[in-house]
Structure formats: structure tokens, C-alpha cells
Amino acid sequence: MTAKTPACGWDQAAFRCGRCGAQHTATSEADYLKTVGVHGDAHAVWDRLNPIERDGITSILRTILSAPDLAAELLALADRQPAGGGDQ
């Protein structure tokens, strides 16, 4: 008779950013690694922006993220524009 070993795995893991204090919980190792990576990337982008750019991107993201159909339509519009992006 063999002893059954308990299943090993993730229940959940918490991530707390030492820079901004953001907290996230992940239920798998893959989700945890993705969360940490995306959060680090967000800091890297934010750090490259000046205050005016930060205000602008924040405003744009709030508008787009609150309206997924708008985001999809803007991407479709961008894909139909010539490389120069001029009005037609």
C-alpha cells in the first residue's frame, strides 16, 4: 500500500509592488508571473512619460477602456489609414 502524497499546487499568491503599493492576487504561477511582468512594464512606460504625456495617456485610456467598442473601432480605423496617418 502506498501513501498518498497531497497534491502540490497553487492556491493563490499575492503580489505587492514596493514602488507604488499596488496589490494583486494570482491563482496560478503563470498568472503571477504575468501580473508581475505587466506591472513592471507599466512602471517602465510611466517612467518614460513627462507629466503632460501622463495626463494625456490617462485620459485616453479612461475613455477607451470604458468603451470596448470604441477601442475596437479606433484600432480598425488606424489599420485603414496610410502610413502617414493624415486625414483623408
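Structure: see above.
Residues numbered from 1 in each chain as written. Predicted model: local features only at pLDDT ≥ 70, side-chain atom pairs only at ≥ 80, totals over all residues. Heavy atoms only, no water.

J.: Tell me about the overall build of the chain, residues and numbers included.
T.: The helix and strand inventory of the chain stands at three helices and two strands. N-terminal to C-terminal, the α/β element order of the chain is β-β-α-α-α. Relative to its 88 residues, the chain shows a buried fraction of 9%. Contacts in the chain between residues at least 24 apart in sequence constitute 9% of all its contacts with a sequence separation of at least 6. On the chain, roughly 7500 Å² of surface is accessible, and the fraction owed to carbon and sulfur atoms is 57%. (Helix = DSSP H or I, 4+ residues; strand = E, 2+ residues; numbered from the N terminus. Buried < 20%, exposed > 50% of the residue type's maximum accessible area, 1.4 Å probe, protein only. Contact = heavy atoms within 4.5 Å. Areas by Shrake-Rupley, 256 points an atom, 1.4 Å probe, with all protein chains shown as cover.)

J.: Account for helix 2 (residues 51-65), with residues named and values stated.
T.: Under the 1.5 Å per step criterion, the end-to-end length of helix 2 is 21 Å for 15 residues, consistent within 8% with the ideal 21 Å. The N-cap of helix 2, judged by a side-chain oxygen 2.9 Å from the amide nitrogen of Ile 52 a few residues on, is Asn 50. (Expected span 1.5 Å × (residues − 1). Polar contact = N/O pair within 3.5 Å; in protein donor to acceptor, adjacent residues only side chain to side chain.)

J.: Before we move on, could you go through the side chain of His 43 and cite the residues and values that matter?
T.: Along the chain, His 43 falls in helix 1 (residues 29-48). Assessed through its relative accessible area of 13%, His 43 is described here as buried. Once residues within four sequence positions are removed from consideration, His 43 is found in contact with Cys 17, Arg 19 and Cys 20.

J.: Give a detailed account of the side chain of His 39, specifying residues and quantitative values.
T.: Along the polypeptide, His 39 turns up in helix 1. Residues in contact with His 39, not counting those within four places in the same chain, are Phe 15, Cys 17, Cys 20, Ala 22 and His 24.

J.: Can you explain the packing of aromatic side chains? Please cite residues and give values.
T.: Tallied over the entire structure, the rule returns one aromatic pair. Here the aromatic rings of Phe 15 and Tyr 32 are separated by 6.4 Å at their centres, their planes lie at 85 degrees, and the arrangement is edge-to-face. Within this pair, whereas Phe 15 is found in strand 1 (residues 13-16), its partner Tyr 32 is found in helix 1, the two being separated by 17 residues in sequence. (Phe/Tyr/Trp six-rings, centres within 6.5 Å; stacked < 30°, edge-to-face > 60°.)

J.: Tell me about the state of the cysteines, and please be specific about residues and values.
T.: For the structure on display, the rule yields zero disulfides. For the unlinked cysteine Cys 17, the closest cysteine sulfur is that of Cys 20, found at 3.8 Å. (Disulfide = S-S within 2.5 Å.)

J.: Tell me what's going on with the pairing of strand 1, and back it up with residues and numbers.
T.: Alternating residues of strand 1 divide into Ala 13 and Phe 15, all buried, and Ala 14 and Arg 16, none buried. Two strands pair when backbone bridges link them, and strand 1 and strand 2 (residues 23-26) are joined in this way by four bridges, in the antiparallel orientation. Bridging from a neighbouring strand, Ala 13 pairs with Ala 26 of strand 2. (Pairing = 2+ DSSP bridges.)

J.: Give me the lowdown on the packing of helix 2 against helix 3 (residues 68-80), citing residues and values where you can.
T.: In contact at an axis separation of 6 Å, helix 2 and helix 3 are set at 110 degrees when each is read in the N-to-C sense. On the basis of the axis angle, helix 2 is roughly perpendicular to helix 3. Taking contact as the criterion, the partners of Thr 63, Ile 64 and Leu 65 in helix 2 are, on helix 3, Pro 68, Leu 70, Ala 71 and Leu 74. Considered class by class, the residues forming the contact of helix 2 with helix 3 number six nonpolar, one polar and no charged. (Axes fitted to C-alpha atoms, helices over the stretch in contact; angles between N-to-C directions. Parallel < 35°, antiparallel > 145°, perpendicular 65-115°, else oblique. Nonpolar A, V, L, I, M, F, W, Y, C, P; charged D, E, K, R; others polar.)

Coordinates in, geometry out; function isn't part of it.
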